[in-house]
Amino acid sequence: MGARLSLSQARRIALNAQALAGVRPTKPVNARAVGRTFAQLQLVQIDSVNILSRSHFLPFFSRLGDYDRTILSTLSGSAPRKMMEYWAHEASYIRPEHFRDLTLWQNRTWVGSSSLDPELRDSLEGEILALLAHSRPLTAREVKDRIGHQEEKNRDEWGWNWSAVKRTLEGLFERGVVGAASRNEQFERRYALVDKVLPRSLQGSCHALPAPGPAHRATAAQERELAMDRLIEAAARAHGIGTLRCFADYFRLPAKEAARSVAHLVASGTLEQVDVGGWSAPTYLHAAAKIPRRAQGRALLSPFDSLVFERRRLMDLFNFHYRLEIYTPAPKRKYGYYVLPFLLGENMAARVDLKADRQGSRLLVRGAYAEPDAPGGAAAELAGELALMARWLGLDDVVVLPHGDLAAELALESKLI
């Protein structure tokens, strides 16, 4: 057993690793700063909910403040890409160097073409790959129109009711044969052969035919093991400190194999087992982790922010119980539809239900709730953060509705800004 750390120290390590411990930069935010932040986080989850802002834009605002959102399109849509789409925690922007490793471990066949008739799937794959070999990146609708595929959709089927073409594209995407070159204004993926998205040195081996025999099987097993080691190391670096559950959840990796990688990383000195007051599960500190003297950050966090991915970790670190209520019927919601935690220093100080009223140019606070251990001045700090977010979103005003125990004080502080 290594060092014994207090809960406060563990919090500061975690916040520092997630680029949330310090004060935001005062200079204009450029693409290099966004790229550095992304490299530190290792991944950013993508989600289509746009009641406030697309979720992948929010983690950069939380850490950098006002920045130009088109920077993400440049970093993800222009070669050499600093970020790309693939399956990780969920659909995510990942670092391109993780793509090969993730293709060995991700298994999201349920989102693709695995349930299609094999003859139809094989036929569509051939047509799609032939088309993409000689075209610009295309959306699923454009691919469907180009190959002239006609079908009767099954309206009784669960899920997104995707066409067979879309499902086939997603199957190719999951296997790493096709990549997302960019997205259009409707948030649709533009698909391209992965050769056109990444240099071959960063691609997986999905095009190669496996060599027969036990030697190949041993090599493939070793490759997967090394890939797991690299992914768990990246997850541990992004966490700073955490449990096996934390590290495995970051890229959604199987716990049994992740445990072997944790053991490898402990043996190599990359991880050190430590004891955190109040934590019962074995806990590990990354060798690169630092403990700032104090946490000075202030941030509204997306429900899909990497700091709040793992709800048990969030509870252990901050005594903050958090549940996304998007899919909860409105009368049964406790806090609201799109609720963001508010981080102040090393505490989760409040939570707010937010909506961007674009037609009225207002940021609506539909509910504001204080946490029991919120530091003094939390309402004023939250008002300042909401004003900053409104400006970033191009909205003229912040309107606080009278819902929640913090709403009245927050409304008063918002009027003073």
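About the cut-offs
- Residues numbered from 1 in each chain as written.
- Predicted model: local features only at pLDDT ≥ 70, side-chain atom pairs only at ≥ 80, totals over all residues.
- Heavy atoms only, no water.
- Buried < 20%, exposed > 50% of the residue type's maximum accessible area, 1.4 Å probe, protein only.
- Helix = DSSP H or I, 4+ residues; strand = E, 2+ residues; numbered from the N terminus.
- Pairing = 2+ DSSP bridges.
- Polar contact = N/O pair within 3.5 Å; in protein donor to acceptor, adjacent residues only side chain to side chain.
- Contact = heavy atoms within 4.5 Å.
- Axes fitted to C-alpha atoms, helices over the stretch in contact; angles between N-to-C directions.

As recorded by an unreviewed UniProt entry, the protein chain carries the name Winged helix-turn-helix domain-containing protein and is attributed to Arthrobacter livingstonensis.

Caption draft 1: Spatial organisation of the pairing of strand E9 (residues 283-286). Where burial is concerned, the two faces of E9 agree: the one with Thr283 and Leu285 and the one with Tyr284 and His286 are both buried. Summarising the sheet, strand E7 (residues 241-243) and E9 pair through three bridges and their orientation is antiparallel. Across the sheet, Ile241 pairs through a bridge with Leu285, a residue of E9. Across four bridges, the pairing between strand E8 (residues 271-276) and E9 is antiparallel. Along E9, the bridge assignment pairs Gln273 with Tyr284.

Caption draft 2: Structural detail: the side chain of Arg24. Tracing the backbone shows Arg24 in the loop between helix H1 (7-17) and helix H2 (31-41). Reaching out from Arg24, the side chain makes a polar contact with the backbone oxygen of Phe61 at a distance of 3.3 Å. Of the polar contacts made by the side chain of Arg24, one reaches the side chain of Glu385; its length is 2.4 Å. Other than its neighbours up to four places away in sequence, Arg24 contacts Phe61, Ser62, Arg63, Leu64, Gly65, Arg298, Ala299, Glu385 and Leu388.

Caption draft 3: Expanded view of the pairing of strand E6 (residues 189-193). For E6, the tally of buried residues reaches four of five residues, placing the bulk of the element in the interior. For strand E5 (residues 178-183) and E6, the ladder comprises five bridges, and the chain directions are antiparallel. By the bridge assignment for E6, Ser182 is matched with Arg190. In sequence, E5 turns back onto E6 through a hairpin of five residues, with Phe187 there showing a positive phi of about 70°.

Caption draft 4: Quick peek at the sheet that holds strand E13 (residues 362-370). An order of E10-E11-E12-E13-E14 is seen for the five strands of this open sheet, with the pairing classed as mixed. Only two strands of the sheet have a single neighbouring strand rather than two, namely strand E10 (298-300) and strand E14 (397-400). Taking the axes of each pair of neighbouring strands and ignoring which way they run, one obtains an average angle of 30° across the sheet. Bridge analysis of E10 against strand E11 (residues 339-344) gives three bridges, and the strand direction is antiparallel. Bridging across to E11, Ala299 finds its partner in Leu343.

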